[in-house]
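Remarks on the overall topology
Listed here are the chains, written in short residue letters.
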Amino acid sequence: MNYNQLLNHDLTISEFGFGASPFGNIYTQKLHDDDVQLCVETALENGINYFDVAPYYGKGLAEKRLAKALGKNSQKIILSTKVGRYDHNEFNFSAESIIQSIHHSLSLFSRDHLDIVFCHDIEFVDSDIILNSALPTLEKLKQQGKIRAIGISGYPLPLLYSIAKQFPLDIILSYSQLTLINQNLKSYSQKFHDLNVNVINASPFDMGLLTQGNCPAWHPASQKLKNKIATLLEKCTQNEIKIEKSAFQYSLNTNNAQSHLTGIGSHKKLKQCLQWYYEKKDASAIDTIIKLFNDL
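A brief structural summary. Source: prediction; values computed, not measured.

1. Examining the overall build of the chain
Check the secondary structure of the chain and you find ten helices and twelve strands. Relative to a compact globule of 296 residues, whose C-alpha radius of gyration would be 19 Å, the chain shows 18 Å and is just as compact. When the backbone C-alpha atoms are referred to their principal axes, the chain occupies close to 55 × 40 × 35 Å. Of all 296 residues assigned to the chain, the portion counted as buried reaches 55%. Averaging the positions of the 29 positive and the 29 negative side-chain charges in the chain gives two centres separated by 2 Å.

As structure tokens, this is what we get:
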């Protein structure tokens, strides 16, 4: 397993990051508790030391399951969680809510500090709330030693960059912006680096869109794009190309982020991703998929 040290921090994280959002049973395929435990144990055994979760995933279920599965190992990993989003349309970035959320996460994981905390999906609220309430609150908690690194997460890269220029962040989390069908993060990674802001790339599978049969009904992609992807999946099958393998290997073989968070939906899929991680990248299959998509 390869590791990267964060800029201006002594935190060193695995480039293959463990995304625990599926622990909240938010995707088509659900996980049993035994599978959750096995996933965490296998990840640790294979050198994955960075785990990401959020209260939003399954209305707290993912955090609870990850904390239980980690047990005493919670002290040995790099953990990131989030504040501000708690349900589909429930956002609260007030100082009081953030402090309560942080204390809840600390209690769940039996820790005296959290390694990384993100303001979650900041595009859904006024930026003034993030700049003038949420981030200053996280900064105070950082100064108190309860958080080691603070950041923001969201989809629109221009917004993430704008906030990063206005407030001294440690890290940003971008999702679905460095995939087989979207490489926008490439043009922003150096910009963040110039600000001494670390980058986490999440969701090589584009939240299930680039998988055969595990795209949730709530996926925010337009129907036009979903139809296009359905055609792409058919063409991949016809060409005997496994899109999940290509999607994973494409993202994990870029140098545009310190870690690539991959949602772990089952022990079988984790073992498969670990195999793909150590295999030589299939550049031919990746190029074929990108061409097929661009031709649609």
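Having seen it, we continue.
2. Overview of the environment of G71
For G71, the location among the structural elements is in the loop between α2 (61-70) and β5 (78-83). Placed 34 residues apart in sequence, G71 and Q37 show a C-alpha to C-alpha distance of 10.0 Å.

3. Describing the sheet that holds β5
In space, the eight strands of this closed barrel follow the order β3-β4-β5-β8-β9-β10-β11-β12, with parallel pairing throughout. On average, each strand axis in the sheet is tilted by 30° relative to the strand beside it, whichever way the strands run. Bridge count for strand β8 (residues 114-119) against strand β9 (residues 147-154) is five bridges, and the pairing is parallel. Counterpart to V117 in the pairing with β9 is I150.

4. Some thoughts on the environment of N46
Of note, N46 is situated in the loop between α1 (33-45) and β4 (50-52). Exposure remark for N46: the relative accessible area of 27% places this residue in the partly exposed category. Along the backbone, N46 and A164 are 118 residues apart, and their C-alpha atoms lie at a distance of 33 Å. Side-chain polar atoms of N46 contact the backbone oxygen of T42, separated by 2.8 Å.

5. Description of the packing of aromatic side chains
Applying the stated rule across the entire model yields 14 aromatic pairs. Ring geometry for F16 against Y277: centres 6.0 Å apart, planes inclined by 40°, an arrangement best described as tilted. Taken together, the residues span a long stretch of sequence, with F16 in strand β3 (residues 16-19) and Y277 in helix α9 (residues 267-278) at a distance of 261 residues. With respect to class, F16 is no different from Y277; both count as buried.

6. Here's the deal with the layout of surface pockets
Size it by volume and the largest pocket reaches roughly 1,200 Å³. Contributing to the lining of the largest pocket are 49 residues, with S21, I26, Y27, M207 and W218 lying nearest its centre. Looking at the lining of the largest pocket, the elements that each hand over two or more residues are β6 (85-87), β10 (171-175), β12 (259-263) and α9. Ranked by residues supplied to the lining of the largest pocket, first place goes to α9 with six residues.

7. Considering the environment of S222
Its place among the elements puts S222 in the loop between β11 (198-202) and α7 (223-238). We classify S222 as partly exposed; its relative accessible area is 42%. Along the chain, S222 and I130 lie 92 residues apart, while their C-alpha atoms are 27 Å from each other.

8. Points about the packing of α1 against α9
A pair of packed helices can be characterised by two numbers: the angle between their axes and the separation between those axes. Contact geometry of α1 with α9 gives a least axis separation of 9 Å together with a crossing angle of 20°. In this view, α1 runs roughly parallel relative to α9, as classed from their interaxial angle. The segment α1 lies against α9, with D35, L38, C39, T42 and A43 engaging H267, L270, K271 and L274. Tallied by class, the residues present in the contact of α1 with α9 amount to five nonpolar, two polar and two charged.

9. Describing the side chain of T42
Along the chain, T42 turns up in helix α1. Beyond its immediate sequence surroundings of up to four residues, T42 is in contact with H267, L270, K271 and L274.

About the thresholds
- Residues numbered from 1 in each chain as written.
- Predicted model: local features only at pLDDT ≥ 70, side-chain atom pairs only at ≥ 80, totals over all residues.
- Heavy atoms only, no water.
- Helix = DSSP H or I, 4+ residues; strand = E, 2+ residues; numbered from the N terminus.
- Rg over C-alpha atoms; globule rule 2.2 N^0.38 Å.
- Buried < 20%, exposed > 50% of the residue type's maximum accessible area, 1.4 Å probe, protein only.
- Lys, Arg positive; Asp, Glu negative; His and termini not counted.
- Charge placed at Lys NZ, Arg CZ, Asp CG, Glu CD.
- Pairing = 2+ DSSP bridges.
- Axes fitted to C-alpha atoms, helices over the stretch in contact; angles between N-to-C directions.
- Polar contact = N/O pair within 3.5 Å; in protein donor to acceptor, adjacent residues only side chain to side chain.
- Phe/Tyr/Trp six-rings, centres within 6.5 Å; stacked < 30°, edge-to-face > 60°.
- 1 Å grid on protein atoms, 1.4 Å probe; cavity = no way out; pocket = protein on both sides within 12 Å on 5 of 7 lines; lining within 4 Å.
- Points joined across faces, edges and corners; volume = space filled by probe spheres on them.
- Parallel < 35°, antiparallel > 145°, perpendicular 65-115°, else oblique.
- Contact = heavy atoms within 4.5 Å.
- Nonpolar A, V, L, I, M, F, W, Y, C, P; charged D, E, K, R; others polar.

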